[in-house]
Amino acid sequence: MKRETICVQGGYKPTNGEPRIVPIVQSTTFKYDSSEEMGQLFDLEKSGYFYTRLANPTNDAVARKICELEGGVGAMLTSSGQAANFYAVFNICEAGGHVVVSSAIYGGTFNLLVNTLPKMGIEVTTVDPYCTEEELNAAFKDNTKCVFGESVANPALTVFDFEKFAKAAHSHGVPLIVDNTFPTPIMCRPFEFGVDIVTHATTKYMDGHAATIGGCIVDSGNFDWMKYKDKFPGLCTPDETYHGIVYTERFGKAAYITKCTTHLMRDLGSIQSPQHAFYINLGLETLHLRMERHCSNALTIAKWLENNEKVAWVNYPGLESSRDYKLAQKYMPNGSCGVISFGLKGGRKAAEEMMDKLKLAAIVTHVADARTCVLHPASHTHRQLNDEQLKEAGVSPDLIRLSVGIENVDDIIEDLAQAMN
Ligand SMILES: *Cc1c(COP(=O)(O)O)cnc(C)c1O
């Protein structure tokens, strides 16, 4: 099926007499007739539901839909995008390991990877996303376990060079993990360019209505863990907490995502609630339509800003003037996302004043939903970063993040114009 059809119908196929839309299975637990059967579930000898922290039919259906959209072999929902990114790394990298991270990533993820992981004994090296292959290769160490990037960085809008990073990761025997929140699989499918694991904050476009926090991890099934089994003992040697099963032997291509559920979700427990998975699914049903409108509105507004004399600079990957235009054309030719960053000639002060005057666009700590909104990262999402880190993350002090919604584009432009005036 094509992506539009998967959005509407993927992940769930009712049989005779079953509910037409994904039912909310609001139950912590599931009943079995024999104690023996329940025991087999605990040993992963049989598959089936027994406790919602490990698996739930509503969550599974929604994860399956996202998995089909990305073209993976398995997926897992988490309670937030933060949890998804943490699990994606921690599933293969523990104390003593090392991660190579693109510096152009979401502020929350930057904090998690650069400040919190080291407290757990994991070393981190950040690299400039525009680095040369030589500089990139120099970031790897013997204990490197994975590389992490973001397909279109929030809010710098840097387009990630998937093939450059995948080549370096694979030549060092480690997988490439990419947060694909901004383009969504409608605009870009990272697995087609060598990415091994994709994560999402479903909180953003996938939900699309600013109703629900959530995350997702999708496994392409392409990384050959056994080829580098010394690097990944968690996947390639017996897990004593499951009577010695070896994930790669038992689950093959789905080894990584199965361990993520049976090990990390079991122990750390950031499960999505089935009720919220249901809301995310409602969002997914129109994701293809909304992304098209977000992108066309954003391109129109980016061009308008570019021609506005009060505007100092505009960055949108769809503009020919963007540093990332070529990368965007290569990896996401039909559009990137609805988010634009720009600065006013009056700098930081003008940015704050202009934002206060907006009527239709609201100042909210959110991005990528149906309603147009703005944020000033230097004083909001990224305020914990110092000037040097802000620069590394591609966030200048005057940067306004404009998340273009799906309203009528003329109304959004009129609002921006009156606030600037
Ligand atoms: C918002 C966001 C996250 C974090 O998601 P939460 O659901 O807020 O935890 C991660 N990555 C990106 C790119 C985001 O925009």
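Just above sits the structure.
Presented here is a report on the structure given in the accompanying data block. (Residues numbered from 1 in each chain as written. Predicted model: local features only at pLDDT ≥ 70, side-chain atom pairs only at ≥ 80, totals over all residues. Heavy atoms only, no water.)

1. A short note on the packing of aromatic side chains
The geometry of two aromatic rings is summed up by the distance between their centres and the angle between their planes. Under the counting rule described, the total for this entry stands at 17 aromatic pairs. Ring geometry for Phe 162 and Tyr 331: centres 4.9 Å apart, planes at 85°, overall edge-to-face. Of this pair, Phe 162 sits in helix α7 (residues 162-171) while Tyr 331 sits in helix α14 (residues 325-331); the two residues are 169 residues apart in sequence, bridging distant segments of the chain. Here the two residues Phe 162 and Tyr 331 agree in accessibility, since each one is buried. Look at Trp 225 and Tyr 256: their rings are 5.6 Å apart centre to centre, the planes differ by 5°, and that puts the pair in the stacked class. Here Trp 225, found in the loop between β7 (215-219) and α9 (233-236), pairs with Tyr 256, found in helix α11 (residues 255-268); they are 31 residues apart in sequence, far enough to count as distant. The same class applies to Trp 225 as to Tyr 256, namely buried. An aromatic cluster of three or more residues is present, and its members are Phe 160, Phe 162, Phe 165, Phe 193 and Tyr 331. The ring centre of Tyr 106 lies 5.0 Å from the NZ or CZ of Lys 204, which sits over that ring. For Arg 323, the ring lying beneath its charged end belongs to Tyr 130, and the centroid distance is 3.4 Å. (Phe/Tyr/Trp six-rings, centres within 6.5 Å; stacked < 30°, edge-to-face > 60°. Helix = DSSP H or I, 4+ residues; strand = E, 2+ residues; numbered from the N terminus. Buried < 20%, exposed > 50% of the residue type's maximum accessible area, 1.4 Å probe, protein only. Lys NZ or Arg CZ within 6 Å of the ring centre and 35° of its normal.)

2. Focus on the sheet that holds strand β5 (residues 176-179)
Pairing in this open sheet of seven strands is mixed, and the strands run β1-β7-β6-β5-β4-β2-β3 from one edge to the other. With partners counted over all chains shown, the strands left at the sheet margins are β1 (74-78) and β3 (123-127), one partner each. Looking at each pair of strands side by side, their axes are set apart by 20° on average, direction ignored. Judged from the three bridges that link them, β5 and strand β6 (residues 197-201) form a sheet pairing that is parallel. The residue of β6 that forms the bridge with Asp 179 is Thr 199. Packed onto the sheet, helix α5 (residues 107-116) meets β2 (98-102), β3, β4 (144-150) and β5 and runs at close to 130° relative to β3. (Pairing = 2+ DSSP bridges. Axes fitted to C-alpha atoms, helices over the stretch in contact; angles between N-to-C directions. Contact = heavy atoms within 4.5 Å.)

3. Notes on the sheet that holds strand β11 (residues 373-375)
Pairing is mixed in the open sheet, where five strands are placed in the order β8-β9-β12-β11-β10. Only two strands of the sheet have a single partner each, and these edge strands are β8 (311-315) and β10 (362-363). In this sheet, strand β12 (residues 400-403) lies alongside strand β9 (residues 339-344) in antiparallel orientation, the contact comprising four bridges. Counted as the bridge partner of Phe 342 is Ile 400 from β12. The strands that helix α15 (residues 347-357) touches are β9, β10, β11 and β12; relative to β9, the one it contacts most, it runs at about 120°.

4. Some thoughts on unusual backbone geometry
Looking along the chain, the bond that leaves Asn 154 and enters Pro 155 is cis, with omega of 5°. With respect to the element layout, Pro 155 can be found in the loop between β4 and α7. With a phi angle near 65°, Leu 157 is a residue other than glycine that sits in the positive phi range. Note that Leu 157 resides in the loop between β4 and α7. Positive phi, close to 55°, is recorded for His 243, a residue that is not glycine. Inspection of the secondary structure puts His 243 in the loop between α9 and α10 (247-251).

5. Some thoughts on the environment of Asn 222
With respect to the secondary-structure elements, Asn 222 resides in the loop between β7 and α9. Along the sequence, Asn 222 and Ala 350 sit 128 residues apart, while their C-alpha atoms lie 48 Å from each other.

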